[in-house]
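# Topology and contacts: notes
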Amino acid sequence: MTSRNALVYGCLVAGAVITLAPFGLGLLTSFTSAQQFATGTPLSLPNPPTLANYDALGDAGFGRALAVTALMTAIITLSQLVFSVLAGYAFARLDFRGRDALFWVYIATLMVPATVTVVPLYLMMAELGLRNTFWALVLPFLFGSPYAIFLLREYFRAIPADLVNAARLDGANTLDVIVHVILPASKPILVTLTLITVVSQWNSFMWPLVITSGGTWRVLTVATAGLQTQYNAQWTLVMAATTVAIVPLLVLFLAFQRHIVRSIVVTGLK
């Protein structure tokens, strides 16, 4: 190995350690008793390891927050994929008046900070009588997102038109073309969009904090933040809650990492 390669690998290892160290420290802290954490050093290994922090999460209603977050994420992800695919195909393949202008006006909303829309959305939900309900959590995010529609439009435009024309000659309608031609050719980008949507919704904090109150429809991020005040900043409990929130995302990433890499390669080549 040359000195240049050794330097590159050394920088990569150092970057990996710096990135992963907070997660490792949080994991160790979650298995540390509150007494040891208060009297020892943050880098001390759990002695002995304990599951008391995870048991306390159940008493704090964390299980319900986990279920609400999972249901909210599943509904939003499925709905966004459906509507984003339909809108992306319309902007990519259908010819109608004002298509490009409408598309770029919609994409321009990406420039608007999400915090700007919080108050109008809150007032709308309140007028509809949906404040502090499950539908208030999911309704503003059901009908696709500008980023997903933009990404799918560009991907759909790169699919050979001969495939679509052949399906049309066989008598396929628009829905048949989407289901049997477009979707099978777009698996990598769909998997990537699924992961992006799941992560963004799973980690959503601002909107659930504003639109809900109490413990009925509280999500993971709000529940974790509440632990800091409810239990007088008992960090071992907070780290256990953080670990529970992170594990499903890690499992999802490990299960679909090949599709993510493939989508990056494909879109990069195009």
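Cut-offs used in this document
- Residues numbered from 1 in each chain as written.
- Predicted model: local features only at pLDDT ≥ 70, side-chain atom pairs only at ≥ 80, totals over all residues.
- Heavy atoms only, no water.
- Helix = DSSP H or I, 4+ residues; strand = E, 2+ residues; numbered from the N terminus.
- Contact = heavy atoms within 4.5 Å.
- Axes fitted to C-alpha atoms, helices over the stretch in contact; angles between N-to-C directions.
- Parallel < 35°, antiparallel > 145°, perpendicular 65-115°, else oblique.
- Left-handed = near helix turned anticlockwise from the far one by under 90°.
- Patch = residues over 30% accessible without salt bridge, like charges linked within 9 Å, V, L, I, M, F, W, Y side chains within 5 Å.
- Areas by Shrake-Rupley, 256 points an atom, 1.4 Å probe, with all protein chains shown as cover.
- Salt bridge = Lys/Arg side-chain N within 4 Å of Asp/Glu carboxyl O.
- Buried < 20%, exposed > 50% of the residue type's maximum accessible area, 1.4 Å probe, protein only.
- Expected span 1.5 Å × (residues − 1).
- Nonpolar A, V, L, I, M, F, W, Y, C, P; charged D, E, K, R; others polar.
- Phe/Tyr/Trp six-rings, centres within 6.5 Å; stacked < 30°, edge-to-face > 60°.
- Lys NZ or Arg CZ within 6 Å of the ring centre and 35° of its normal.
- UniProt positions renumbered as here; feature names shortened; annotations may be inferred.
- Core = buried A, V, L, I, M, F, W, Y, C linked by side-chain atoms within 4.5 Å.

### Observations concerning the overall build of the protein
In terms of helices and strands, the protein carries 14 helices and zero strands. Put simply, the protein runs from its N terminus to its C terminus through helices and strands in the order α-α-α-α-α-α-α-α-α-α-α-α-α-α. Judged by the C-alpha coordinates and their principal axes, the protein covers about 75 × 65 × 30 Å. For the protein, long-range pairs separated by at least 24 residues make up 75% of all intrachain contacts whose partners lie at least 6 apart in sequence.

### Points about the packing of helix H4 (residues 62-93) against helix H11 (residues 187-202)
Two elements in contact, H4 and H11, have axes separated by 9 Å at closest approach and are oriented at 140 degrees. As judged from the angle between their axes, H4 and H11 are oblique. Judged by the twist between their axes, the crossing of H4 over H11 is right-handed. Facing Leu-66, Thr-69, Ala-70, Met-72, Thr-73, Ile-76, Thr-77, Gln-80, Leu-81 and Val-85 of H4, the residues of H11 in contact are Leu-190, Leu-193, Thr-194, Thr-197, Val-198, Gln-201 and Trp-202.

### Topic: a nonpolar patch on the surface
On the surface, Leu-78, Val-82, Phe-83, Leu-86 and Phe-143 cluster together into a nonpolar patch covering about 480 Å² of accessible area. The residue Phe-83 is located in helix H4 in this model. The exposure class of Phe-83 is partly exposed, given its relative accessible area of 35%.

### Some words on helix H8 (residues 146-157)
For H8, with twelve residues, the first-to-last C-alpha span of 16 Å sits near the 16 Å given by 1.5 Å per residue. Burial in H8 covers these residues: Pro-146, Ala-148, Ile-149, Leu-151, Leu-152, Arg-153, Tyr-155 and Phe-156.

### Things to note about the packing of H4 against H8
Direction vectors running N to C along H4 and H8 enclose 50 degrees, while the axes themselves pass 8 Å from each other. Taken together, the axis directions place H4 and H8 in an arrangement best described as oblique. Considering only the axes of H4 and H8, their crossing is right-handed. Of the residues in H8, those touching H4 at Ser-84, Val-85, Ala-87, Gly-88, Tyr-89, Phe-91, Ala-92 and Arg-93 are Ala-148, Ile-149, Leu-152, Arg-153, Phe-156 and Arg-157. The residue inventory of the contact of H4 with H8, partitioned by class, reads nine nonpolar, two polar and three charged.

### Describing the packing of aromatic side chains
For the structure shown, the criterion picks out eight aromatic pairs. Ring centres of Phe-83 and Phe-143 lie 5.1 Å apart, and the angle between their planes is 70 degrees; this geometry places the pair in the edge-to-face category. One end of the pair, Phe-83, is in helix H4; the other, Phe-143, is in the loop between helix H7 (134-138) and H8, and 60 residues separate them in sequence. A relative accessible area of 52% places Phe-143 in the exposed class. Of the aromatic side chains, those joined through ring pairs into one cluster are Phe-91, Phe-96, Phe-103, Trp-104 and Phe-150. Sitting over the ring of Trp-217, Arg-64 keeps its end group 5.4 Å from the ring centre. A cation sits over an aromatic face here: Arg-153 above Phe-103, 4.1 Å from the ring centre.

### A few points about the side chain of Thr-29
By the element assignment, Thr-29 lies in helix H1 (residues 3-30). Since its relative accessible area comes to 7%, Thr-29 is described here as buried. Excluding its chain neighbours within four sequence positions, the residues that come into contact with Thr-29 are Phe-37, Asn-53, Trp-235, Thr-236 and Met-239.

### Observations regarding the environment of Phe-23
Inspection of the secondary structure assignment puts Phe-23 in helix H1. Separated by 112 residues in sequence, Phe-23 and Trp-135 place their C-alpha atoms 33 Å apart.

### Quick look at the UniProt feature "transmembrane region" (unreviewed entry) in the protein
Per the UniProt record, "transmembrane region" (unreviewed entry) is found at residues 7-28, 65-91, 103-122, 134-156, 177-199 and 235-256. Segment residues 7-28 splits into 100% helix and 0% strand. End C-alpha atoms: 30 Å apart. Taken end to end, residues 177-199 is 83% helix and 0% strand, and its two terminal C-alpha atoms sit 30 Å from one another.

### Describing the nonpolar core
Counting 20 residues, the largest nonpolar core has Tyr-89, Leu-152, Phe-156, Val-177 and Ile-182 as its most contacted members. Those elements that provide at least two residues to this core are H4, H8, helix H9 (161-169), helix H10 (174-182) and H11. Those residues in contact with Phe-156 that sit more than four places away from it in its chain are Val-85, Gly-88, Tyr-89, Ala-92, Arg-93, Ile-182 and Ser-186. Of all hydrophobic cores here, the second largest spans 16 residues; its members include Val-68, Met-72, Leu-130 and Val-222.

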